[in-house]
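Chains, contacts and geometry: an overview
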Amino acid sequence: MTAGSAGVPACGAAPRRRKAAATAAPVAPVALWEAFDEAMALLPADAAAPLAWCSPAFAARLALPEGGALPSLAGLCARLEGLAEGLALLAGARGAAARAGWDGEVRLAQGRGRRRAALRASLRRLPEGAGVPGGALALRLRAEPGHDLAARRHLEDRERLLFTSRSVAVGEMATTLAHELNQPLGAVTNVLRGLKTRLAAMPAQPGPEAMAHLAQGVQLALDQVQYAARIIGRIRDFTQSRQPRRERVDVNALLNNSLTLLDWELRRHGVQLCIDLRADTSADGGAPVAGDGVMLQQVLVNLLRNAIDAMGGTPAGQRRLAIESRLDDAGQLEIAIADTGSGIDHGAAAQLFTPFFSTKPTGMGIGLNICRSLIELHQGRLWFTPNAKRGCTFHIALPLAGPDEAGRLPRFLDAEEPVS
Ligand code: ADP
């Protein structure tokens, strides 16, 4: 049976207008219930039969689809805890109560978990001749006193939670931004300090070689500032669309480029570089990665920086950074960054990717966590292994772009820049 059959209004139908009392035909009770916006239903005697009628307020409380089939009495009992027991009480009413109509009140519960609501229900056997087709049992639902207050509190709680989670998201983003911008800003500071020292030591008429050094320093500072601008741009993109870019990224060029960004740091710490890029990911080669170039560069810079930091206590002359790229047996690109630093003990290994774990006095401890998320976003893997002698090696495995896709994707700009 659908709503509105058996000569009664459909669930959700607008209340009928009452005509002037003098000329009006007898008003059906259903129209009265609708007019008072009561949550009412007429129940069938047979549990398997659908409800004979329900008011719009009842349909709304039970979230019944507008114009759809009404649930059976058994179905209603399954949704309203306590109704079956109330009906059993009504069936047991004897004598005068049964004749006059039993006006029992039962407590019902609807929904689960935080959506659970307490209801009061009146069940009434309608007297003969009530003029209601389709059913002789009436059910009226009301919210349990105090329930509205609880519902309001629940909504307020939810709002507060949503607000908190939004604040946390913004806070996390600010922390990420601060961490990521720290790197290029630190590098720019170093470069500018170096330039200042050189300028101070420079003769009044500098030769072409000195000028070339200055120009190189200015270029490095410029690179870092552009890098910082791209980080901000990516965060802006993230807040607007949350969509990472998909570009053709030449990882060998990206490695070279990242090393260039850290050039001053490497020199300052006297780090010896050993580069062995065997995977053919040159601009015209066949093994580029499809992904977000800025994200991948951030990962590389972070790992390289960590490696340099870890070698702070290594005697000068033994600070060595070995960078390797190769295609692994599964055909993935693997990058390994090995240092001769402090290494990672068991305790630190367990917490390494936990946000805010840092052994550095000014470290934020979220770099590795972000790196792993960024690599996983590219369907890759990030892990580390201890070195046999000293330090440790961080590894990245990334799937390669298929030749078709690589041909279609826009190039990540850094990969095209000349690498010194
Ligand atoms: P942060 O650099 O701000 O400390 P990270 O998440 O990048 O944050 O690193 C967390 C910690 O992991 C570092 O403080 C350091 O103790 C350890 N770590 C990371 N890379 C290395 C490394 N190459 N060698 C030794 N320890 C490392």
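Residues numbered from 1 in each chain as written. Predicted model: local features only at pLDDT ≥ 70, side-chain atom pairs only at ≥ 80, totals over all residues. Heavy atoms only, no water.

Focus: the environment of A49
Stated formally: Secondary structure is summarised from DSSP: a helix means a run of H or I of at least four residues, a strand means a run of E of at least two, and numbering begins at the N terminus for each. In what follows, residue pairs with any heavy atoms lying within 4.5 Å of each other are defined as contacts.
Relative to the assigned elements, A49 resides in the loop between strand 1 (39–43) and strand 2 (53–54). Linking A49 and P71, residues 22 residues apart in sequence, is a C-alpha distance of 8.2 Å. Setting aside residues no more than four positions away along its own chain, A49 makes contact with P44, S72 and L73.

A few points about the layout of surface pockets
As a reminder of what qualifies: Lining residues are those with an atom within 4 Å of a point, where the points come from a 1 Å grid over the protein atoms alone and group into cavities, where a 1.4 Å probe fits but cannot get out, or pockets, open sets with protein on both sides within 12 Å along at least five of seven lines. Grid points are joined across faces, edges and corners, and a volume is the space filled by probe spheres set on the points. All amino acids are sorted into three groups, where Ala, Val, Leu, Ile, Met, Phe, Trp, Tyr, Cys and Pro are nonpolar, Asp, Glu, Lys and Arg are charged, and the leftover types, Gly among them, are polar.
Reported here for the largest pocket is a volume of approximately 930 Å³. Broken down by secondary-structure element, the contributors of at least two residues to the lining of the largest pocket are helix 6 (147–201), helix 9 (263–268), helix 10 (293–310), helix 12 (367–377) and strand 13 (392–398). Sorting elements by how many residues they give to the lining of the largest pocket places helix 10 first, with eight residues. Split into classes, the residues belonging to the lining of the largest pocket amount to 15 nonpolar, 18 polar and seven charged.

Let's talk about the pairing of strand 1
Stated formally: Exposure is judged per residue with a 1.4 Å probe applied to protein chains only, and the accessible area is read against the type maximum: over 50% gives exposed, under 20% gives buried, and values in between give partly exposed. Strands are labelled as partners when DSSP assigns at least two bridges between them.
In terms of burial, strand 1 is a largely internal element, five of the five residues being buried. Side chains A39, A41 and L43 of strand 1 all project onto a buried face; the interleaved residues M40 and L42 project onto the opposite face, where all are buried too. The pairing of strand 1 with strand 6 (residues 137–143) spans five bridges and is antiparallel. Its bridge partner lying in strand 6, M40 is registered against R140. Where strand 1 and strand 2 come together, two bridges link them in antiparallel fashion. Within strand 2, the position partnered with L42 by the bridge is W53.

These values are about where atoms sit, not about what they do.
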